Amino acid sequence: MTATAPPPPALTARALNRATLARQLLLAREPVGVEEAVRRVVALQAQQPGSPYVALWNRVAGFDPAGLDAAVEGFRLVRSTLMRITLHLVHAEDYRPFREAVEPTLRGSRLRDRRFTDTGITPDDADTLLPDLLAYASGPRTGEELRARAEESWGGGSLTPAAGRMLRQYAPLWHVPSGPPWQYAVSPGFVASGPEPVRTGPEAAAGGLDTLARRYLAGFGPASAADLAQFGLVQRGRARAALDALVRDGAAEVLAGPDGAVLYDLPGAVRPDGDTPAPPRLMAMWDSTLLAYADRSRIVPAAYRKHVIRINGDVLPTLLVDGYVAGAWRPVGGGIEAAAFHPLTAADWAGLAAEAAALGRLLADRDPRVYARYDHWWAKGLPAAETRVLPY
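The structure displayed is predicted, hence computed values, not measured ones. (Residues numbered from 1 in each chain as written. Predicted model: local features only at pLDDT ≥ 70, side-chain atom pairs only at ≥ 80, totals over all residues. Heavy atoms only, no water.)

## Things to note about the packing of helix α5 (residues 92–111) against helix α9 (residues 161–170)
Argument step 1. Their axes nearest at 9 Å, the elements α5 and α9 cross at an angle of 170°. On the basis of the axis angle, α5 is roughly antiparallel to α9. Of α9, the residues touching α5 (which contributes Arg99, Glu103, Leu106, Arg107, Arg110 and Leu111) are Met166, Leu167, Gln169 and Tyr170.
Argument step 2. The residue makeup of the contact of α5 with α9, split by class, is five nonpolar, one polar and four charged. (Axes fitted to C-alpha atoms, helices over the stretch in contact; angles between N-to-C directions. Helix = DSSP H or I, 4+ residues; strand = E, 2+ residues; numbered from the N terminus. Parallel < 35°, antiparallel > 145°, perpendicular 65-115°, else oblique. Contact = heavy atoms within 4.5 Å. Nonpolar A, V, L, I, M, F, W, Y, C, P; charged D, E, K, R; others polar.)

Here you go:
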């Protein structure tokens, strides 16, 4: 009788941290183009236009912001409302399956919002309006032009600005780039996502979620069903069903995590040892690694979560030390102000200073005060054990 091989040992919390850093190109900057980098990290949260640039600077060796400019201007990388009902920058080829995966969430959150339904317009009305609206947006249109067109086509009364915004966020539209420094204006233009319609309905949503689940495990695994549900803001049952289907197809495997957690991952995926060194990083606002898991302690220590993930949803730019959030940073005159939440070693500070000098060169040609509008969080106080200005 052949002996059964013992199951592999449960993954430790540090091993999960290092797996995330490796998949997210944060253990070492890699010599890849910006389009490949965005595909490998799945998506970049992008409601703050400068953040994709800072995020890719953290990940890509010799990052040239002009390369990201060109990819955005050519609509090879596109910005739209997707996962977690927020703006993401994704590869154009990924847009359609990702959009189909989260369509049920977008539909419920936008077309059943009282700001939309109180005008008298229904989800069925929206379905009727969309083909004409998307044809109208075959070229760039402003938000007001789209609202007026929808109101005219509906013919049922006034469509308020809020209702127009709900419809625009639900519709498969891409934001139109406006040029450097960060490509997207506060009030961007919009264009239809392409001639092929985004499919709706259970079958399309399941197919899209299959793609999103595979890509999520590649970029963020090992992960649980709850983690995938958090990343996409999809129902946990849908997330579990998608992951279990991958296991049945041999495209994923089940692993044990800390405290017996059931985790999924791609067979043969990179999972570094928990003792693998992790370099310091100055992470962008809303970096996806801080938001991609139901258990955010993989990257954010529980004691620091409320300090960097604010009650209104703002996620501050953070210091990453030994793979974990250790403080927050902001640009100030002449450098980066780094507020550490616990004492750091001299080597930690030296590493952060080198990162700050490199980041300064990126910001100098774009916007040295990229996150200045969020300074009020510092004015309200952060629990810093030590604060230093790291010069450019």
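## Structural notes on the side chain of Thr119
Argument step 1. Tracing the sequence through the fold places Thr119 in the loop between α6 (114–117) and α7 (123–136).
Argument step 2. A distance of 3.5 Å separates a polar side-chain atom of Thr119 from the backbone nitrogen of Ile121.
Argument step 3. Those residues within four positions of Thr119 in sequence are excluded, and the remaining contacts are Trp154, Ser158, Leu159, Thr160 and Ala163. (Polar contact = N/O pair within 3.5 Å; in protein donor to acceptor, adjacent residues only side chain to side chain.)

## Concerning the pattern of salt bridges
Argument step 1. With the rule as written, the count across this model stands at 28 salt bridges.
Argument step 2. For Asp69, the salt bridge goes to Arg366, with nearest N and O atoms at 2.7 Å. Here Asp69, found in helix α4 (residues 65–73), pairs with Arg366, found in the loop between α14 (346–364) and α15 (376–379); they are 297 residues apart in sequence, far enough to count as distant. Pair check on accessibility: Asp69 and Arg366 agree, each one buried.
Argument step 3. Between Arg115 and Asp113 there is a salt bridge, and its shortest N-O distance comes to 2.9 Å.
Argument step 4. Residue Arg115 is classed as partly exposed on the basis of its relative accessible area of 40%.
Argument step 5. Classification of Asp113 as buried rests on a relative accessible area of 15%.
Argument step 6. Salt bridges linked by common partners bring Arg23, Glu253, Asp265 and Arg271 together as one network. (Salt bridge = Lys/Arg side-chain N within 4 Å of Asp/Glu carboxyl O. Buried < 20%, exposed > 50% of the residue type's maximum accessible area, 1.4 Å probe, protein only.)

## Remarks on the nonpolar core
Most often, soluble globular proteins have nonpolar side chains that are buried together.
Argument step 1. Core analysis: the largest hydrophobic core is formed by 64 residues, its most contacted members being Leu56, Phe63, Leu68 and Leu359.
Argument step 2. Looking at this core, the elements that each hand over two or more residues are α2 (34–40), α3 (51–57), α4, β9 (318–321), β10 (324–332), β11 (335–340), α14 and α15.
Argument step 3. No other element matches α14, which puts six residues into this core.
Argument step 4. If near-sequence neighbours (up to four positions away) are discounted, Leu359 is found in contact with Val54, Trp57, Leu282, Trp329 and Ile336. (Core = buried A, V, L, I, M, F, W, Y, C linked by side-chain atoms within 4.5 Å.)

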